[in-house]
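Chain residues, written in single-letter form:
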Amino acid sequence: MNWLDKLERKLGRFAIPNLTVYLMICYVIGFMLWNLAAMNLIPAEVIGYLTLEPALILRGQVWRLITWLVVPPSSNLISLVFFVLLYYSLGTALERTWGVFRYNVYIFSGLLFTVLAVFGLYAFYYFAYGFEMPMSVLGMAGSNYVTLSIFLAFAAIYPEMEVLLYFILPIKMKWMALVYVAIAGYDFINGNIVTRVVIGTSLLNFVIFFLSSRNFKRFGPGEQARKAKFKKQSRPHMTYTNGAHHRCAVCGRTELDDPCLEFRYCSKCNGNYEYCQDHLFTHEHVK
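Here is what the cut-offs are and how they apply
- Residues numbered from 1 in each chain as written.
- Predicted model: local features only at pLDDT ≥ 70, side-chain atom pairs only at ≥ 80, totals over all residues.
- Heavy atoms only, no water.
- Core = buried A, V, L, I, M, F, W, Y, C linked by side-chain atoms within 4.5 Å.
- Buried < 20%, exposed > 50% of the residue type's maximum accessible area, 1.4 Å probe, protein only.
- Helix = DSSP H or I, 4+ residues; strand = E, 2+ residues; numbered from the N terminus.
- Contact = heavy atoms within 4.5 Å.
- Axes fitted to C-alpha atoms, helices over the stretch in contact; angles between N-to-C directions.
- Parallel < 35°, antiparallel > 145°, perpendicular 65-115°, else oblique.
- Left-handed = near helix turned anticlockwise from the far one by under 90°.
- Nonpolar A, V, L, I, M, F, W, Y, C, P; charged D, E, K, R; others polar.
- Phe/Tyr/Trp six-rings, centres within 6.5 Å; stacked < 30°, edge-to-face > 60°.

A. Expanded view of the nonpolar core. If you look at the biggest cluster of nonpolar residues, it comprises 49 residues, and the most contacted ones within it are Leu94 and Trp98. Top element by residues in this core is helix α8 (residues 144–157). It accounts for ten residues. Excluding anything up to four places from it in sequence, leucine 94 contacts Gly99, Tyr103, Ile150, Ala153, Phe154 and Ile157.

Structure representation (structure tokens):
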């Protein structure tokens, strides 16, 4: 059991289901606000109150710790639609594969790393040079690189899966991931120090999550198919009279007959045969 398993046992009940939906809603809200401001339907100053600026947060504008999530990844409507549809499907699939808690940890750790990086840069410039560095996230420290980590995680688990790029071109996830990494690498090389730190820290969750979780092969498509097949095959044998879930293949007793009975499957029998502790080692193996 790794650190995620232990953490899930303690905090799993606090996990937020359908987290991708809420993240995509933030992008849509941000897109609407940006366009309303561009059309002068709302004051442009409203946008300035949403960005992640440590200096203003330290002066009491703590809502910026959350509102920076509405910074949209694109100002183009068509691009945003494709973005939302793609990441909604990837995020929900990843949540089903990993489970709600693990997916929550993955997303929130990426967001947390981004916030800590921005505050770290602010502290560095303030104490090293004696002035406050402008840290507006508009087009710089949004959560779009955190959503990129969703894509990388999905590609790492399902590298051979094909998707239709813009609903037209079939392409495997592993090749799309390489393109995304190349784009992020280009931005990292040609961007300023803020851009580099934001990219690096927002993808740090991908590195930590996979390096510290050695048993993620159990979430792969092959393992998931094997578990689904076993569950389908064993389901008829796991529901008995009066709702019992265990029954000895020799004596027919269930946990309802004696709550102290223990049941085990026999690995040498050809099939899903379960035995109580009295017959586990004395039964004749089914071949």
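B. Spotlight on the packing of helix α7 (residues 100–129) against α8. Remark: α7 packs on α8, axes separated minimally by 9 Å, with the N-to-C direction vectors making an angle of 140°. Classified by the angle between their axes, α7 and α8 sit oblique to one another. Every pair of crossing elements has a handedness; the one defined by α7 and α8 is right-handed. Residues Tyr103, Tyr106, Ile107, Gly110, Leu111 and Thr114 of α7 touch α8, and the partners they reach there are Val146, Ser149, Ile150 and Ala153. The residue makeup of the contact of α7 with α8, split by class, is seven nonpolar, three polar and no charged.

C. Region of interest: the packing of aromatic side chains. Evaluated as defined, the whole model comprises seven aromatic pairs. Centre to centre, the rings of phenylalanine 151 and tyrosine 180 are 4.4 Å apart; their planes meet at 15°, and the pair counts as stacked. Residue phenylalanine 151 is found in helix α8, and its partner tyrosine 180 is found in helix α9 (residues 173–190); the two are separated by 29 residues along the sequence. Overall, tyrosine 180 belongs to the partly exposed group, its relative accessible area being 25%. Taken together, the aromatic side chains of Tyr27, Phe83, Tyr87, Phe151 and Tyr180 make up a single cluster linked through ring pairs.

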